[in-house]
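# Report on the structure
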Amino acid sequence: MSLQCGIVGLPNVGKSTLFNCLSNAKAQSANFPFCTIEPNVGVITVPDERLIKLGEICKPERGVIPTTVEIVDIAGLVKGASKGEGLGNKFLANIRETDAIIHVLRCFDDENVVHVDGTVNPVRDKEIIDAELQLKDLETVEARIQKCEKAAKAGGDKNAKLQLEVLVKYREALSQGKNARTVELDNKDQEAAARDLFLLTNKPVMYVCNVDESAAVTGNAYVEQVKEAVKDEDAQVLVLAAKIESEIAELETYEERQMFLEEIGLQESGVNRLIKAAYALLNLRTFLTAGSDEVRAWTFKAGYKAPQCAGVIHTDFERGFIRAEVIKYEDFVALGGEAQCRAAGKLATEGKDYLVQDGDIMHFLFNV
């Protein structure tokens, strides 16, 4: 299961700088609007300290394989982007099928960095982007309504009727300047129909407040304004200094990066915090496989049972699932490996109803 996040924001708020920090790709970053012409896509590893410890114990031949997140960075959006202004409109399709939106807001003053609207006001900037995404969604919804109405009338298509009910709800909300995620659906059938629409404002959102070094630890007045503006949105707010993160990314060793962080009063880099927050935003968890061949992390949705997690590795594992052998990470580390856990009775055999927990070390038995 791969996770994909799309980065949005106005020009010159730090989107491409953040993308570079996340992916170590060298997207062009410059002090003028529309610097990002083609959408940048970067695949980044998810930080998980547990893998390091398991690698030390198992010494796997093929090494340690973390799970990954894909980040899509598009051109900065401007007012009117949904109707073709700037370069943003042509790239909105690139984030339509992402799992979540990372909305970068400029929360720093710097007269040397041009703001597309002249002044720094992150709440206004947020509302501009929200409006453009809503208008794009409304355009999508209106087009789908026309198709569904024809299908529902012509052939009595039940699916078309169901989707039409959902579309009408969304049209009403979007027409009022509300995000699609604010709409409450009646049942699971409607929820399934909604997922097929891939509406931009229906995705979970994380607001990243890009601050300067002085506010990297404590935040600032701009951050407080953002928190107040989104308090009813069920969204996450993360404070991050993209310029500092770019300096951290240039350091070669873990020790150097940690010393840098300690000097400015941070325990963990903003990039690591962002990736972990994205996981939490999407209700994702990690199970692990560990042996002499490889140590590997796998992403799953909270609430998955053992067969579903087996299917994350391969569909045959789920189809022919027999049972799962489970060792808790803490036991594996404390006792020093699988053999020791077996001997100590710390390996549990679980069936189809086992609810997988974050950090479970698993081995699946199957037959197809």
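## Examining the nonpolar core
- Core analysis: the largest hydrophobic core is formed by 59 residues, its most contacted members being Leu22, Val69, Ile71 and Leu274.
- At seven residues, helix 9 (residues 270–281) tops the list of elements feeding residues into this core.
- In this structure, Leu22 is in contact with Ile7, Ile44, Ile71, Val271, Leu274 and Ile275, ignoring residues within four places of it in sequence.
- Counting 16 residues, the second-largest nonpolar core is a separate cluster that includes Val141, Tyr170, Leu174 and Ala193.

## Let's talk about helix 10 (residues 306–313)
- Counted residue by residue, helix 10 has six buried out of eight residues, so it is predominantly covered.
- Considered for burial, the residues of helix 10 that qualify are Ala306, Pro307, Cys309, Ala310, Gly311 and Val312.
- Elements that come into contact with the buried residues of helix 10 comprise strand 8 (284–290), strand 9 (295–301), helix 11 (315–319), strand 10 (321–327) and strand 12 (361–366).

## Focus: a negative patch on the surface
- Together, Asp109, Asp110, Glu111, Asp212, Glu213 and Glu247 line one region of the surface with negative charge.
- Considering the arrangement of structural elements, one finds Glu111 in the loop between strand 5 (100–106) and helix 3 (122–155).
- The exposure class of Glu111 is exposed, given its relative accessible area of 80%.

## Re the packing of aromatic side chains
- Overall, the coordinates contain six aromatic pairs when judged by the stated rule.
- Between Phe287 and Trp298, the aromatic rings sit 6.3 Å apart at their centres with planes inclined by 15°, giving stacked as the arrangement. Residue Phe287 is located in strand 8, and its partner Trp298 is located in strand 9; the two are separated by 11 residues in the primary sequence. Taken individually, Phe287 and Trp298 each receive the classification buried, so the pair is uniform in this respect.
- Taking the centre distance of 5.9 Å and the plane angle of 50° together, the rings of Phe287 and Phe300 count as tilted. Placement of Phe287 in strand 8 and of Phe300 in strand 9 is noted, with a sequence separation of 13 residues between them. The burial state of Phe287 is the same as that of Phe300; both residues are buried.

## Remarks on the confidence of the model for the protein
- On average, residues of the protein score 85 in pLDDT, and 88% of them are at 70 or above.
- A low-confidence stretch, residues 25–37 stays under pLDDT 50, and its non-local contacts, those more than four residues away or across chains, total 34 contacts.

## Some remarks on empty space enclosed by the protein
- By the definition in use, this model includes one cavity of 30 Å³ or more.
- Put simply, the largest cavity is a space of about 60 Å³.
- In terms of lining, the largest cavity is formed by Ile101, His103, Asp130, Leu133, Asn179, Arg181, Leu200, Thr201, Val205 and Tyr207.
- Elements with a minimum of two residues in the lining of the largest cavity: strand 5, helix 3 and strand 6 (205–210).

## Here we look at the pattern of salt bridges
- Scanning the model with the defined rule gives 20 salt bridges in all.
- A salt bridge links Arg50 to Asp358; the nearest nitrogen and oxygen atoms lie 2.9 Å apart. Of this pair, Arg50 sits in helix 2 (residues 49–58) while Asp358 sits in the loop between strand 11 (347–350) and strand 12, and the two are 308 residues apart along the sequence.
- Exposure remark for Asp358: the relative accessible area of 39% places this residue in the partly exposed category.
- Across the pair Arg62 and Glu294 runs a salt bridge whose closest N-O atoms are separated by 3.4 Å. Of this pair, Arg62 sits in the loop between helix 2 and strand 3 (64–65) while Glu294 sits in the loop between strand 8 and strand 9, and the two are 232 residues apart along the sequence.
- For Arg62, a relative accessible area of 58% puts it in the exposed group.
- Because the salt bridges share partners, they merge into one network encompassing Arg62, Asp293, Glu294 and Arg296.

## What to know about helix 8 (residues 254–264)
- Along helix 8, the residues classified as buried are Gln258, Leu261 and Ile264. Looking down the long axis of helix 8, one finds its buried residues gathered within 130° of arc, a one-sided arrangement. Facing away from the buried surface of helix 8 by more than 90 degrees, the exposed residues are Glu255, Met259, Glu262 and Glu263.
- Residues of helix 8 that are buried sit in contact with helix 7 (242–250).
- The positive-phi residue at the C-terminal boundary of helix 8 is Gly265, with phi of around 90°.

Scoring rules and cut-offs
- Residues numbered from 1 in each chain as written.
- Predicted model: local features only at pLDDT ≥ 70, side-chain atom pairs only at ≥ 80, totals over all residues.
- Heavy atoms only, no water.
- Core = buried A, V, L, I, M, F, W, Y, C linked by side-chain atoms within 4.5 Å.
- Buried < 20%, exposed > 50% of the residue type's maximum accessible area, 1.4 Å probe, protein only.
- Helix = DSSP H or I, 4+ residues; strand = E, 2+ residues; numbered from the N terminus.
- Contact = heavy atoms within 4.5 Å.
- Patch = residues over 30% accessible without salt bridge, like charges linked within 9 Å, V, L, I, M, F, W, Y side chains within 5 Å.
- Areas by Shrake-Rupley, 256 points an atom, 1.4 Å probe, with all protein chains shown as cover.
- Salt bridge = Lys/Arg side-chain N within 4 Å of Asp/Glu carboxyl O.
- Lys, Arg positive; Asp, Glu negative; His and termini not counted.
- Charge placed at Lys NZ, Arg CZ, Asp CG, Glu CD.
- Phe/Tyr/Trp six-rings, centres within 6.5 Å; stacked < 30°, edge-to-face > 60°.
- pLDDT = per-residue confidence, 0-100.
- 1 Å grid on protein atoms, 1.4 Å probe; cavity = no way out; pocket = protein on both sides within 12 Å on 5 of 7 lines; lining within 4 Å.
- Points joined across faces, edges and corners; volume = space filled by probe spheres on them.
- Arc of directions from axis to C-beta.

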